[in-house]
Amino acid sequence: MGLLDILLGRTRPVAPDLDRLFALPSAAVTLEVAAGFTATGDGAVCFASVEGAAFEQTHREVRALLDADNERTGPPVELRRDEYGYSWLVSHRSPDGLPQLVGDLHAVNTAMEANGFGPQLLCSLAGFRDDSGRALALVYLYKRGAFYPFAPLPGGGGRRDSALELQVRATLGDDLRIEPDLGRWFPVWGAPGL
């Protein structure tokens, strides 16, 4: 970064650090003890829609890699497109399989990045629920290298539980790198895993 960048207030973007995903299992323990949320076993990687043979080859590689896991039942990764035009690679595990789910998310992100699709990666998320049925996602922003909580209110309607999100931020501040800019806590309405 040069002197002109400093004077103009420009900063370098935070580099993605996919290894931060591996902090999710220990954060989940804190989340369960402090707020009563447990992992659902569902997670997803979101990216800007990609078409073409190169992406199809990457998707086949990811499926082959995750199919090699003998503990998995059902399809390892499914591709979904949402109503906003984004694509999701979705993984399902048992609720007690969060470490394996994190491995899946890391593998999907790494394969996409290694095959030149890093600029299209947007976020990864892991789903959680509490005993009353409230949904929560811990979302990893690929381009920011940080997490944030997203808690949609039950019943839809495009509303979120901001108080719960702030409570989770305070609870997990020592476990995860939390995105400090609340303006970047984007809603992921209808995300797989919620």
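Bear in mind the structure is a predicted one, so any value in this text is a computation, not a measurement.

Asker: Would you mind going over the pairing of strand S4 (residues 121-129) with me for this structure?
Answerer: Both faces of the sheet carry side chains from a regular strand, because those side chains alternate between them. The element S4 is extensively covered by neighbouring structure, given that seven of its nine residues are classed as buried. Sheet topology places strand S1 (residues 38-48) next to S4; seven bridges connect them, and they run antiparallel. Counterpart to Gly43 in the pairing with S4 is Ala126. In this antiparallel pair of consecutive strands, S4 and strand S5 (residues 135-141), the connection spans five residues, and Gly133 shows a positive phi of 90°.

Asker: Help me out: how do you make sense of helix H5 (residues 162-172) in this one?
Answerer: Residues that lie three or four places apart on an α-helix share one face, since the helix turns once every 3.6 residues. All of the buried residues in H5 are Leu164, Glu165, Val168 and Leu172. In a view along the axis of H5, the buried residues occupy a sector of 100°, so they form one face of it. In this structure, H5 carries Ala163 and Ala170 as exposed residues pointing more than 90 degrees from its buried face. Where H5 is buried, its residues touch helix H2 (24-35), S5 and strand S6 (146-150).

Asker: Before we go on, may I ask you to explain helix H3 (residues 53-67) in this structure?
Answerer: An ideal rise of 1.5 Å per residue puts 21 Å on 15 residues; H3 measures up with 21 Å between its terminal C-alpha atoms. When H3 is considered as a whole, its buried residues turn out to be Phe55, Thr58, His59, Val62 and Leu66. Looking straight down H3, one finds that the buried residues subtend no more than 100° of arc, so they occupy a single side. Elements in contact with the buried residues of H3: S1, strand S2 (78-81), strand S3 (86-92) and helix H4 (98-114).

Asker: For this particular structure, what's the right way to read the pattern of salt bridges?
Answerer: If the charged atoms of two oppositely charged side chains come close together, the side chains can form a pair. Enumeration according to the criterion identifies eight salt bridges in this entry. The salt bridge partner of Asp104 is Arg93, with a shortest N-O separation of 3.0 Å. In this pair, Asp104 sits in helix H4 while Arg93 sits in the loop between S3 and H4, placing the two residues eleven residues apart along the sequence. Residues participating in the shared-partner salt-bridge network are Asp130, Arg134 and Asp161.

Asker: In this structure, what is going on with the packing of aromatic side chains? I would like to understand it.
Answerer: Aromatic rings in a pair are described by how distant their centres are and how their planes are angled relative to each other. For the structure on display, the rule yields three aromatic pairs. Aromatic side chains Phe150 and Trp189 sit 5.1 Å apart centroid to centroid with 75° between the ring planes, which places their arrangement in the edge-to-face category. Residue Phe150 is found in strand S6, and its partner Trp189 is found in the segment after H5; the two are separated by 39 residues along the sequence. Since its relative accessible area comes to 0%, Phe150 is described here as buried.

Asker: I'm lost on the nonpolar core in this one. Help?
Answerer: One recurring pattern in soluble globular proteins is that nonpolar side chains are buried together. Membership of the largest hydrophobic core comes to 54 residues, with the highest contact counts inside it found for Leu31, Trp88, Phe128 and Val188. A per-element tally of this core places H4 first, with eight residues.

Asker: Got a minute to help me understand the side chain of Asp104 in this structure?
Answerer: A relative accessible area of 3% places Asp104 in the buried class. Here Ser91 takes part through its side chain, which lies 2.7 Å from a polar atom of the side chain of Asp104.

Asker: Help me out: how do you make sense of the packing of H2 against H5 in this one?
Answerer: A pair of packed helices is captured by two measures, namely the crossing angle of their axes and the spacing between those axes. Axis separation between H2 and H5 bottoms out at 10 Å; the angle between their running directions is 120°. When the interaxial angle is binned, H2 and H5 end up oblique. Considering how the two elements wind past one another, H2 and H5 form a crossing that is right-handed. Where H2 approaches H5, its residues Ala27, Thr30, Leu31, Ala34 and Ala35 are matched on the opposing element by Gln167, Val168, Thr171 and Leu172. When its residues are assigned to classes, the contact of H2 with H5 shows six nonpolar, three polar and no charged.

Asker: Honestly, the side chain of Asn109 in this entry has me stumped. Any pointers?
Answerer: For Asn109, the location among the structural elements is in helix H4. On the basis of relative accessibility, which here comes to 1%, the residue Asn109 falls in the buried class. Contact partners of Asn109, with chain neighbours within four places excluded, come to Leu18, Leu21, Val45, Leu121, Ser124 and Tyr142.

Scoring rules and cut-offs
Within each chain, residue numbers correspond to sequence positions counted from 1 in written order. Residue-level local features of this predicted model are given only where pLDDT is at least 70; pairs of side-chain atoms are given and counted only at 80 or more, and the full residue set underlies all totals for whole chains, interfaces and linings. Water and hydrogen atoms were dropped before computing side-chain values, which therefore reflect all heavy atoms in the structure. Think of it in three bands: with a 1.4 Å probe and only protein chains considered, a residue is buried below 20% of the maximum accessible area for its type, exposed above 50%, and partly exposed in between. Strands are runs of DSSP state E lasting at least 2 residues, helices are runs of H or I lasting at least 4, and numbering of each runs from the N terminus. One bridge is not enough; two strands pair if DSSP finds at least two bridges between them. Each C-beta atom gives one direction from the helix axis, and the arc is the one those directions make. By the convention used here, residues are in contact when the closest approach between their heavy atoms is within 4.5 Å. Expected helix span is computed as 1.5 Å times (number of residues minus one). The term salt bridge refers to a pairing of a side-chain nitrogen on Lys or Arg with a carboxyl oxygen on Asp or Glu at a separation within 4 Å. Think of it this way: a Phe, Tyr or Trp ring, Trp meaning its six-membered ring, pairs with another when their centres are within 6.5 Å, and the plane angle makes it stacked under 30 degrees, edge-to-face over 60, tilted otherwise. Residues belong to one nonpolar core when they are buried, are Ala, Val, Leu, Ile, Met, Phe, Trp, Tyr or Cys, and are joined through side-chain atoms within 4.5 Å. We call two N or O atoms a polar contact when they sit within 3.5 Å, provided that within protein one can donate a hydrogen and the other can accept it, with sequence-adjacent residues counted only if both atoms are side-chain atoms. To get an axis, a line is fitted to the C-alpha atoms, and for a helix only the part in contact is used. The angle between two axes follows their N-to-C directions and goes from 0 to 180 degrees. Geometric relationships in this document are graded by angle, where less than 35 degrees denotes roughly parallel, more than 145 denotes roughly antiparallel, 65 to 115 denotes roughly perpendicular, and other angles denote oblique. Rotating anticlockwise by less than a right angle from the far helix to the near helix defines a left-handed crossing, while the corresponding clockwise rotation defines a right-handed one. Ten residues, namely Ala, Val, Leu, Ile, Met, Phe, Trp, Tyr, Cys and Pro, are considered nonpolar, four, namely Asp, Glu, Lys and Arg, are considered charged, and the remaining ones, Gly among them, are considered polar.

No statement about biological role is implied by the geometric values presented.
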